[in-house]
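Understanding the architecture of this molecule
Listed below, chain by chain, are the residues.
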Amino acid sequence: MPAHDLAFFQQWFNNQIPHNAALGTRVVSVGDGVAVMQLDWAEHLVGDAATGILAGGPITVLLDSCCGMSVATRLIELTAFATLDLRIDYARPAAPRKPVIAEAECYRLTANVAFTRAIAHQGDPT
């Protein structure tokens, strides 16, 4: 598995998950069990026109996809898989007109289930 091949993962995730392509998510980096993706601010992704704040849905997609990518980097053979359970705690809305970065880690992989965690930030993961 080319865990470090950005182009491979960018193409695979956009071809297999069309809404990633529609949202414009971009792979920033991948490694063994880790992935970083970015969602650039775009007007059509705004949830509140008065403030320019991104809707929660695109950020949820970003986090879910990044977690999936962290799992994919640990698979011996790339195959389709699905999210079983997803929990997101929003600390605050994303600042308008700035990209959102997701950093995910697959911290446990069993024969049937993968466990991941991720954070979304706008440049400062703390």
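Everything that follows concerns the structure shown earlier in this document.
Figured I'd write up the structure that's included with this text. Please read these numbers as outputs of a predicted model, since none were measured by experiment.

**Some points on the sheet that holds strand E2 (residues 34-39)**
One open sheet accounts for four strands, arranged E1-E2-E5-E6; its pairing is antiparallel. The open sheet terminates on both sides in strands that have one partner only, identified here as strand E1 (26-31) and strand E6 (114-121). Going from strand to strand, the sheet's axes swing by 15° on average, the running direction of each strand aside. Along the sheet, helix H3 (residues 56-72) makes contact with E1, E2, strand E5 (100-109) and E6, crossing E5 at roughly 40°.

**Description of helix H1 (residues 6-16)**
Those residues of H1 lying buried are Phe 9, Gln 10, Trp 12, Phe 13 and Asn 14. Elements that come into contact with the buried residues of H1 comprise helix H2 (18-23), E1 and H3. One side-chain oxygen of the residue at the start of H1 lies 3.2 Å from the amide nitrogen of Ala 7, identifying that residue as Asp 5.

**Looking at the pairing of E6**
For a regular strand, the rule is simple: side chains alternate between the two faces of the sheet. Note that E5 and E6 share eight bridges and pair antiparallel. Residue pairing across strands places Leu 109 opposite Ala 114, the latter belonging to E6. Linking E5 to E6, which pair antiparallel, is a turn of four residues.

**Some words on the packing of aromatic side chains**
Scanning the entire structure with this criterion turns up three aromatic pairs. Seen from their ring centres, Trp 12 and Phe 13 are 4.9 Å apart, and the 65° between their planes marks the pair as edge-to-face. Just above the ring of Tyr 107 sits the side chain of Arg 117; from NZ or CZ to the centre is 3.9 Å.

Definitions and cut-offs
- Residues numbered from 1 in each chain as written.
- Predicted model: local features only at pLDDT ≥ 70, side-chain atom pairs only at ≥ 80, totals over all residues.
- Heavy atoms only, no water.
- Pairing = 2+ DSSP bridges.
- Helix = DSSP H or I, 4+ residues; strand = E, 2+ residues; numbered from the N terminus.
- Axes fitted to C-alpha atoms, helices over the stretch in contact; angles between N-to-C directions.
- Contact = heavy atoms within 4.5 Å.
- Buried < 20%, exposed > 50% of the residue type's maximum accessible area, 1.4 Å probe, protein only.
- Polar contact = N/O pair within 3.5 Å; in protein donor to acceptor, adjacent residues only side chain to side chain.
- Phe/Tyr/Trp six-rings, centres within 6.5 Å; stacked < 30°, edge-to-face > 60°.
- Lys NZ or Arg CZ within 6 Å of the ring centre and 35° of its normal.

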